[in-house]
Amino acid sequence: VAAIGWIWFGDPSLIERRMRDIAGMPVLDLPTAVRPGLMLLSALGVALCLFILAQAWQLFGAYGRGQVFGPAAIVPVRRIAWALLAAAALRPLSDTLGILLLTWHNPPGQRRLVLGVSWEDYLCLLFGGLLIAMAWAMTEASRLEQDNAGFV
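This one's a predicted model, so the numbers in the text were calculated from it and none came from an experiment.

Chemist: Would you mind going over the overall build of the protein chain with me for this structure?
Modeler: Secondary structure summary: the protein chain contains five helices and zero strands in total. Written out in order from the N terminus, the α and β elements of the protein chain read α-α-α-α-α. Within the span of the protein chain, comprising 152 residues, buried residues form 29% of the whole. For the protein chain, restricting intrachain contacts to residue pairs at least 6 apart in sequence, the fraction spanning at least 24 positions comes to 73%. Accessible surface for the protein chain amounts to roughly 9,600 Å². Of this, 70% is attributable to carbon and sulfur atoms.

Below, the structure is given as structure tokens:
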């Protein structure tokens, strides 16, 4: 989390490299007033990543207790899936807003609006959808387990 502040307020060469990667152009003049907005955009992605890691911690804790098909395991899988789908939407949106903020103060003709979707975004969509299907299967397995327990 501290690295976000260092990137946006410490080393300008990191901003320059990121700008070239996304927009293919250098930052001509980056006002200090724009940096908190850029830092907030970066923090959203980090917060989402930390949320996913917290859910994975809960999931593996449930697995460690032997609760493979119970709600303690199903809920984190479902939350991870939805967070991955959110990440697939957040990344292109944050890149677009970041480029707008970075180039807003450039002279006319050197401002950019970049709308891009990368293969990582498609991968997040695919993996998120797969985890939603797995959570559904785990829910059905839990329901069947409870039904079968009633017959014994």
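Picking up after the structure, the text goes on.
Chemist: Which parts of the structure should I look at to understand helix α4 (residues 71-103)?
Modeler: For an α-helix, the turn length of 3.6 residues means that residues three or four places apart are oriented alike. The end-to-end C-alpha distance of α4, which contains 33 residues, comes to 47 Å, matching closely the 48 Å that a straight helix rising 1.5 Å per residue would cover. Bending of α4 peaks at approximately 25° at the position of L90, with proline P92 no more than four residues after it.

Chemist: Help me out: how do you make sense of the pattern of salt bridges in this one?
Modeler: Side chains carrying opposite charge are able to pair once their charged atoms draw close together. Overall, the coordinates contain four salt bridges when judged by the stated rule. Salt-bridge contacts for R143 lead to E140; the nearest nitrogen and oxygen are separated by 2.9 Å. With R143 and E140 both in helix α5 (residues 119-151), this residue pair falls three residues apart, about one helical turn. By relative accessible area, which is 25% here, E140 ends up partly exposed. By relative accessible area, which is 40% here, R143 ends up partly exposed. Counted as one network, the salt bridges with shared partners bring together R91, E120 and D121.

Chemist: Please clarify how α5 should be interpreted in this entry.
Modeler: The end-to-end C-alpha separation of α5 is 48 Å, in line with the 48 Å expected for 33 residues at 1.5 Å each. Those residues of α5 not exposed but buried are D121, G128, L131, A135, M138 and S142. Those residues of α5 that are buried are in contact with α3 (35-64) and α4.

Here is what the cut-offs are and how they apply
- Residues numbered from 1 in each chain as written.
- Predicted model: local features only at pLDDT ≥ 70, side-chain atom pairs only at ≥ 80, totals over all residues.
- Heavy atoms only, no water.
- Helix = DSSP H or I, 4+ residues; strand = E, 2+ residues; numbered from the N terminus.
- Buried < 20%, exposed > 50% of the residue type's maximum accessible area, 1.4 Å probe, protein only.
- Contact = heavy atoms within 4.5 Å.
- Areas by Shrake-Rupley, 256 points an atom, 1.4 Å probe, with all protein chains shown as cover.
- Expected span 1.5 Å × (residues − 1).
- Bend = angle between axes of the 7 residues up to and from the residue.
- Salt bridge = Lys/Arg side-chain N within 4 Å of Asp/Glu carboxyl O.

The quantities given are spatial measurements derived from coordinates; they are silent on function.
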